[in-house]
Structures are given as structure tokens and as C-alpha cells.
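# Examination of the molecular architecture
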Amino acid sequence: MKNFERAYYEHYRTLWAIAVKMLGDEPAAEDVLQDVFTAYYQQSREDGRIRNPKSWLARATVHKCSDVIAYRSRYVEIEQVANTVCEDDTLTKKLQLSDLQKILAQLSDKERQLAVLYSEGFSYREIADITQMRFTSVGKTLSRIMNKLYDILKSMNYEMPK
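Described in the following lines is the structure provided in the data block. Note that the structure is a prediction, hence the values are computed from the model and not measured. (Residues numbered from 1 in each chain as written. Predicted model: local features only at pLDDT ≥ 70, side-chain atom pairs only at ≥ 80, totals over all residues. Heavy atoms only, no water.)

### Some remarks on the pattern of salt bridges
- Overall, the coordinates contain six salt bridges when judged by the stated rule.
- Here Glu 120 ties to Lys 21 by a salt bridge, and the two come within 2.6 Å at their closest N and O atoms. Placement of Glu 120 in the loop between α6 (109–119) and α7 (124–131) and of Lys 21 in helix α1 (residues 2–23) is noted, with a sequence separation of 99 residues between them.
- For Glu 120, a relative accessible area of 22% corresponds to the partly exposed category.
- Look at Lys 21 and you get partly exposed, because its relative accessible area is 25%.
- For Asp 109, the salt bridge is made with Arg 112, and the minimal N-O distance between the two is 3.6 Å. One end of the pair, Asp 109, and the other, Arg 112, are both in helix α6, three residues apart, so they sit about a helical turn from each other. (Salt bridge = Lys/Arg side-chain N within 4 Å of Asp/Glu carboxyl O. Helix = DSSP H or I, 4+ residues; strand = E, 2+ residues; numbered from the N terminus. Buried < 20%, exposed > 50% of the residue type's maximum accessible area, 1.4 Å probe, protein only.)

In C-alpha cells form, the structure reads like this:
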């Protein structure tokens, strides 16, 4: 139980940020984390101890968010997802979230996962472990994603450094 509590308090904020960035919806992110931590608790009770809790939790969060996104794409219009915001956000934050969702919607699921993990400060090694990519491919793939994001932002009339 102590390992579970430690993992919860150490990793909740990072996992929450990943889920909110991927889903653009705080209540859905909270639902995802509830499912992830429930699965983590059950897995740790069955196997005793999970070797790398941070990677295990991040991988589970990314996969659960991908499941939610896939479900939404079948049953919800993309505009509804892109315009989902928290009630207490300012107008500026709403516009930023809306733009972020539009930008992320232009990436593939794998690209979105990598971009969000990278933005949350995960190392290349951790990203490779979470996404089950080869470590040697992470840097080049992220470079391509960053170039794609640069082009997307430029097309949305954002001022981009040269």
C-alpha cells in the first residue's frame, strides 16, 4: 500500500498533465487516471512490485488516452472535442486549449503520444520504454514531429523563430 501511495503522490501531476494534453478535457483526464491507478493497484497486488512505476503509469495513461480518443472519433464530432474547455478558464486559456487541440488533431496517434511525453519532460529512454519504440528512433522521430508542428503553427499564423 505504501508503494501505491508513493507512486500516486509522485506521479499524479505528470500523468494528469499528459492526459489533459492528449484529451483536452479535465474530467476525462481524471477518469483516465482513476482507471490507470486502479489497474496499477491491482497489478502491484498481483505481481508484488512493478519495476519502474513511472514508466508503467505513463504507458498506461497514454494507452488509455488513446482508447478514449479512438472512442471519441467514432462517436463524437472532432469540433466538440477541440472546443472542450474547463468552466473556470480565462478566454486566453480557452483559445490556447482550442489551438492546442487543433494542432494535436493534425498529428497521428503515435506522434501525439511522443509530443506530449516530450513536453512533459520524459527522457528519450523513458519515451522509448513507454511507447515501446527503439531508443535509437526516438530522437529522429521527435525531430520530424517538431518540424511538422513548426509547419502547422506557421500555417496558423503564429510567429515562429527562424
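### Observations regarding the packing of aromatic side chains
- Scanning the model with the defined rule gives nine aromatic pairs in all.
- Ring plane angle 40 degrees and centroid distance 5.1 Å describe the contact between Tyr 8 and Tyr 12, whose orientation is recorded as tilted. Within this pair, Tyr 8 and its partner Tyr 12 are both found in helix α1, separated by four residues, close to a single helical turn.
- We classify Tyr 8 as partly exposed; its relative accessible area is 31%.
- Joined through ring pairs, the aromatic side chains of Phe 4, Tyr 8, Tyr 9, Tyr 12, Phe 37, Tyr 40, Tyr 41 and Trp 56 make up one cluster.
- Above the ring of Phe 122, the side-chain terminus of Lys 54 is found at 4.9 Å from the ring centroid.
- The ring of Phe 135 has Arg 125 lying over it, and the distance from NZ or CZ to the ring centre is 3.8 Å. (Phe/Tyr/Trp six-rings, centres within 6.5 Å; stacked < 30°, edge-to-face > 60°. Lys NZ or Arg CZ within 6 Å of the ring centre and 35° of its normal.)

### Examining a nonpolar patch on the surface
- Judged by side-chain polarity, Tyr 118, Tyr 124, Phe 135 and Met 146 come together as a nonpolar surface patch covering roughly 350 Å² of accessible area.
- Position of Tyr 118 relative to the elements: it lies in helix α6. (Patch = residues over 30% accessible without salt bridge, like charges linked within 9 Å, V, L, I, M, F, W, Y side chains within 5 Å. Areas by Shrake-Rupley, 256 points an atom, 1.4 Å probe, with all protein chains shown as cover.)

### Details of helix α8 (residues 135–155)
- Here α8 is 21 residues long and its end C-alpha atoms lie 31 Å apart, about the 30 Å a rise of 1.5 Å per residue gives.
- Here α8 has its buried residues at Ser 137, Val 138, Leu 142, Ile 145, Leu 149 and Ile 152. Taken down its axis, α8 places every buried residue within 125 degrees of arc, on the same side. With respect to the buried face of α8, the exposed residues turned more than 90 degrees away are Thr 136 and Arg 144.
- Positive backbone phi, approximately 65 degrees, marks Asn 157, located one or two places after α8. (Expected span 1.5 Å × (residues − 1). Arc of directions from axis to C-beta.)

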